[in-house]
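Structural description and commentary
The lines below spell out each chain.
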Amino acid sequence: MHPIGRSKFNVALTILSLMICSATGLEAASVTQPNKRQTVGTAASERNWWKNAVIYEVYPRSFQDTNGDGIGDLNGITEHLDYLQKLGVDAIWLTPIYPSPNADFGYDVADYRDISPEYGSLDDFNRMVAEAKKRHIRVIMDMVMNHTSDENAWFVQSRSSRTDPYRNWYVWHDGKGETASSQGAPPNNWGAFGRSSWEWDAETRQYYYHHFSVHQPDLNWYNPAIEQEFKEIVSYWLNLGVGGFRFDAIETLFEDPNLQNEAPLLDKNGKPVLDPSGHPRLQRTKEGDFPQVHTVMRQMRAHVDAFDANQFPGTRVLIGELFARDTSDLLKWYGPPQTPEFELPMDMPVAFINKLDVATFRERIAESETKLGGNVPLLVFDNHDQPRMDVRYGDGVHDVAIQRVLSTILLASGGASLMYYGDEIGMKTTPPTRKEDVKDRMGGLANWPRFKGRDGERTPMQWTDGSNAGFTTGSPWLPVPSTAASVNVKAEEGDPGSLLTWYRTLIHLKKTIPALEQGRNTMLDTQNTKVLSWMRRAPGIPVVLISVNFTAEPQTVDLAGPPAPANGALKTLLKSPGESSPSRLEHIELEPFGVYIGQVQ
Ligand code: NOJ
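Analysis parameters
- Residues numbered from 1 in each chain as written.
- Predicted model: local features only at pLDDT ≥ 70, side-chain atom pairs only at ≥ 80, totals over all residues.
- Heavy atoms only, no water.
- Buried < 20%, exposed > 50% of the residue type's maximum accessible area, 1.4 Å probe, protein only.
- Helix = DSSP H or I, 4+ residues; strand = E, 2+ residues; numbered from the N terminus.
- Pairing = 2+ DSSP bridges.
- Near = heavy atom within 4 Å.
- Polar contact = N/O pair within 3.5 Å; in protein donor to acceptor, adjacent residues only side chain to side chain.
- Areas by Shrake-Rupley, 256 points an atom, 1.4 Å probe, with all protein chains shown as cover.
- Nonpolar A, V, L, I, M, F, W, Y, C, P; charged D, E, K, R; others polar.
- Salt bridge = Lys/Arg side-chain N within 4 Å of Asp/Glu carboxyl O.
- Phe/Tyr/Trp six-rings, centres within 6.5 Å; stacked < 30°, edge-to-face > 60°.
- Lys NZ or Arg CZ within 6 Å of the ring centre and 35° of its normal.
- Domains from an automatic or database assignment.
- Contact = heavy atoms within 4.5 Å.
- Core = buried A, V, L, I, M, F, W, Y, C linked by side-chain atoms within 4.5 Å.
- Axes fitted to C-alpha atoms, helices over the stretch in contact; angles between N-to-C directions.
- Expected span 1.5 Å × (residues − 1).
- Parallel < 35°, antiparallel > 145°, perpendicular 65-115°, else oblique.
- Left-handed = near helix turned anticlockwise from the far one by under 90°.

A word on the pairing of strand 8 (residues 206-209). Of the two faces of strand 8, the one holding Gln 206 and Tyr 208 and the one holding Tyr 207 and Tyr 209 are both buried throughout. Bridge count between strand 4 (residues 172-173) and strand 8: 2 bridges; the pairing is antiparallel. By the bridge assignment, His 173 is partnered in strand 8 with Tyr 207. Sheet topology places strand 7 (residues 198-201) next to strand 8; 4 bridges connect them, and they run antiparallel. Paired with Trp 200 across the bridge in strand 8 is Tyr 207. The hairpin turn running from strand 7 into strand 8, its antiparallel successor, is 4 residues long, and Arg 205 in that turn takes a positive phi close to 55 degrees.

So this is what it looks like as structure tokens:
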């Protein structure tokens, strides 16, 4: 049900549509020794670190509070760097930590060169980056270039007068049919969910454009000053030692300069498609996907590359938030080899299959190997905008086992992997039950009870079974889910059968087994509709086989023969609890939603 689209409309729709919405034993991991990390810190060893990286998204507000105000902070992240190192992550991406009035929890930036006091100070930031570096963990910042907060000084000036030098930094336009006594109609029909994307400013008597909330005015990217400003902002953070940026809502920097109306979206019978609030949906092809964004990103990439050219080439990474329709649509965001754009545009076509359908997973994973022109895929399943995996893929009975299946796809199919805080312990989506508790103004309040907002996937990290799950000594900004009593880091840390141990082991395998790092995928047993199997191989290294059962029944697969090796003994690297260790490729038994990873000897 997840709409995969290309425009900010689809981003918004994604957010909203998704709002509608045994004791385990980890056995036989023959790789339980402590993580052996590569030494980093020199230019050579740092280069291209992102190609096989595990990137961990932290929602800072919910990770760890250290000053008792109920809101997570940077010192809280620093406090848990050892935990993250032990998990095996290479980088943390922080959702925005800049000063913000929090109309959209940081995605409405008031000042791009500072830290929000609720998260700490620049000193805290510098300490966090330095401590992270000691543990070989890079810090990736969120870069919100499409819009700012309406409290950003640029916008305050922009709206102060039509002749202000900042006026042209935003998208201002006269109303249609405006008279001295009336504001007229918005310049065109852009909008969604029955609201216009234009807001009237009574003082200066013009409309401004905002794709997201009225508190997030869009920047005018046709003004070259904006690009210059963001290059300087990026340099500012590069100078502070960040490992890269995740670019927010990047597809929609540019809008149609002629402001043409959008056509209504029609179904295959030619009837208008209605959105969940009953309003006709528009195609929204005029609010994004304009080619100029690629020029901007090529220049941004060149800017970042030049920044490091002498000392540390290839050490920073640009990640894109994209809603590509399919793999070929995704490819364009890498850019041509001579003028590259993103190293890692997010592979949403895999993320939001939202159904354990073997054929679709097989096709999309194969395509990320064959149709991305040798570029590195960035797989992702969860983030702060979508209900967690339990809602999107779980069945309420086998959720932990299903998460083993998905984490195996995430971490054992090559490329870079992006995971979300709490995934590793199996945190569940816990939406508010009462309207008065909703904190996500953008998503939840306006649409209650049909959409409950994004609070459910942003609840405090569950560290212990103690008070507030160890997140805060104060009153947490979002309630701690009751599941924290059993689903928490402390309980899972020492348990060889826990999901946390599973993730640690899987990440360790990704980093240490040559075929997982360097191999290429070949799909196996390709007519099977119940089990997804693939191998990873490269010349001169042992082949690794991976099988994941997408069903609630036990399954058996025979993977011997081309394209897999004809026969061979198997050495188990990792398997779901309760599974026997197969000795040969011909007969691999899988438990319900079971996983098997083995190396052919
Ligand atoms: C995407 C972000 O992930 C989401 O949280 C935010 O609301 C929108 N972009 C607008 O910035």
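What follows covers the site of the ligand. For the ligand, the full set of nearby residues is Asp 104, Tyr 107, His 147, Phe 212, Arg 246, Asp 248, Glu 321, His 384, Asp 385, Arg 454 and Arg 458. Side-chain polar atom of His 147 to an oxygen atom of the ligand: 3.0 Å apart, as the coordinates give it. A distance of 3.2 Å separates an oxygen atom of the ligand from a polar atom in the side chain of Arg 246. For the ligand, the accessible surface in isolation is 290 Å², of which the surrounding protein chains cover 100%. Classifying every residue of the shell around the ligand by side-chain character gives 2 nonpolar, 2 polar and 7 charged.

For the structure on display, the rule yields 34 salt bridges. Across the pair Glu 178 and Arg 205 runs a salt bridge whose closest N-O atoms are separated by 3.6 Å. Residue Glu 178 is found in the loop between strand 4 and strand 5 (191-192), and its partner Arg 205 is found in the loop between strand 7 and strand 8; the two are separated by 27 residues along the sequence. Given the relative accessible area of 28%, Arg 205 is considered partly exposed. The salt bridge involving Glu 436 is made with Arg 434; its shortest N-O contact spans 3.8 Å.

Turning next to the sheet that holds strand 7. On the basis of which strands lie adjacent, the open sheet formed by 3 strands has the order 4-8-7 and antiparallel pairing. Looking at which strands have only one partner, the edges of the open sheet turn out to be strand 4 and strand 7.

Looking now at the packing of aromatic side chains. According to the stated counting rule, one finds 34 aromatic pairs in the structure shown. Both rings, one in Tyr 112 and one in Phe 230, keep their centres 5.1 Å apart while their planes meet at 85 degrees; by these two values the pair is edge-to-face. Taken as a pair, Tyr 112 in the loop between strand 2 (91-94) and helix 5 (122-134) and Phe 230 in helix 7 (residues 224-239) lie far apart in primary sequence, 118 residues in all. We note that Tyr 112, like Phe 230, is buried. Ring centres of Tyr 420 and Tyr 421 lie 4.7 Å apart, and the angle between their planes is 70 degrees; this geometry places the pair in the edge-to-face category. A relative accessible area of 0% places Tyr 421 in the buried class. Three or more aromatic residues joined by ring pairs form one cluster here, namely Tyr 98, Tyr 112, Phe 125, Trp 154, Tyr 166, Trp 169, Trp 221, Tyr 222, Phe 230, Tyr 236, Trp 237 and Phe 254. Lying over the aromatic face of Trp 502, Arg 404 brings its terminal NZ or CZ to 5.5 Å of the ring centre.

Attention now moves to the domain arrangement of the chain. Once the domains are mapped, the chain shows domain 1 (50-148 + 224-256 + 294-502), domain 2 (153-209) and domain 3 (519-600). The C-alpha centroid of domain 3 is placed 30 Å from the C-alpha centroid of domain 1. Across the contact, 20 residues belong to domain 1 and 28 residues belong to domain 3. The partner of Glu 369 in a salt bridge is Arg 520, with the nearest N and O atoms 3.3 Å apart. Taken together, the connections running from domain 1 to domain 3 amount to 9 residue pairs in polar contact (both at pLDDT 80 or more). Of all the elements in the fold, those that place two or more residues in the side of domain 1 that touches domain 3 are helix 11 (358-370) and helix 13 (399-412). For the side of domain 1 that touches domain 3, the residue count by class is 11 nonpolar, 4 polar and 5 charged.

Time to look at the pairing of strand 3 (residues 138-143). Of all the 6 residues making up strand 3, 6 are buried; the element is thus mostly covered by neighbouring parts of the structure. Where burial is concerned, the two faces of strand 3 agree: the one with Arg 138, Ile 140 and Asp 142 and the one with Val 139, Met 141 and Met 143 are both buried. Both strand 2 and strand 3 contribute to a ladder of 4 bridges, which runs parallel. Directly across from Leu 94, in strand 3, lies its bridge partner Met 141.

Where a protein is soluble and globular, its nonpolar side chains tend to be buried together. Formed by 135 residues in total, the largest nonpolar core has its most connected members in Tyr 56, Ile 92, Phe 125, Met 143, Met 145, Phe 230 and Phe 361. Top contributing element to this core by residue count: helix 13, with 8 residues. Aside from chain neighbours lying at most four places away, what touches Met 145 is Leu 219, Trp 221, Phe 230, Phe 247, Ile 250, Leu 253, Val 296, Met 297 and Met 300. Membership of the second largest hydrophobic core comes to 14 residues, among which are Val 531, Val 557, Leu 590 and Tyr 596.

Reading across from one edge, 11-10-9-3-2-1-13-12 is the order of the 8 strands in this open sheet, with parallel pairing throughout. In this open sheet, the two strands that pair with only one neighbour each are strand 11 (344-345) and strand 12 (378-380). With 3 bridges connecting them, strand 12 and strand 13 (residues 416-420) associate as parallel partners. From the neighbouring strand, Leu 379 faces strand 13, where its bridge partner is Ser 417. Packed on one face of the sheet, helix 5 meets strand 2 and strand 3 and runs near 135 degrees to strand 3. Sheet strands in contact with helix 7 are strand 3 and strand 9 (244-247), and its direction is about 160 degrees off that of strand 3.

This part covers helix 13. One turn of the α-helix equals 3.6 residues, which is why residues spaced by three or four share an orientation. The terminal C-alpha atoms of helix 13 lie 19 Å apart, and with 14 residues this matches the ideal 20 Å at 1.5 Å per residue to within 8%. The element helix 13 is largely enclosed, with a buried count of 13 among its 14 residues. Phi turns positive, to about 90 degrees, at Gly 414, one or two residues after helix 13.

Packed helices, taken two at a time, are described by the angle their axes make and the gap between the axes. At their nearest, the axes of helix 13 and helix 16 (residues 499-512) sit 10 Å apart, and the two run at 15 degrees to each other. Classed by the angle they form, the pair helix 13 and helix 16 counts as roughly parallel. For the pair helix 13 and helix 16, the crossing hand works out as right-handed. On helix 16, the residues touching Val 400, Gln 403, Arg 404, Ser 407, Thr 408 and Leu 411 of helix 13 are Leu 499, Trp 502, Tyr 503, Leu 506, Ile 507 and Lys 510.

As a further point, take the side chain of Gln 403. Looking at where Gln 403 falls in the secondary structure, it is placed in helix 13. Of the residues examined, Gln 403 reaches a relative accessible area of 9% and is grouped as buried. Gln 403 has contacts with Met 389, Asp 423, Gly 426, Leu 499 and Tyr 503, leaving out every residue within four places of it along the chain.

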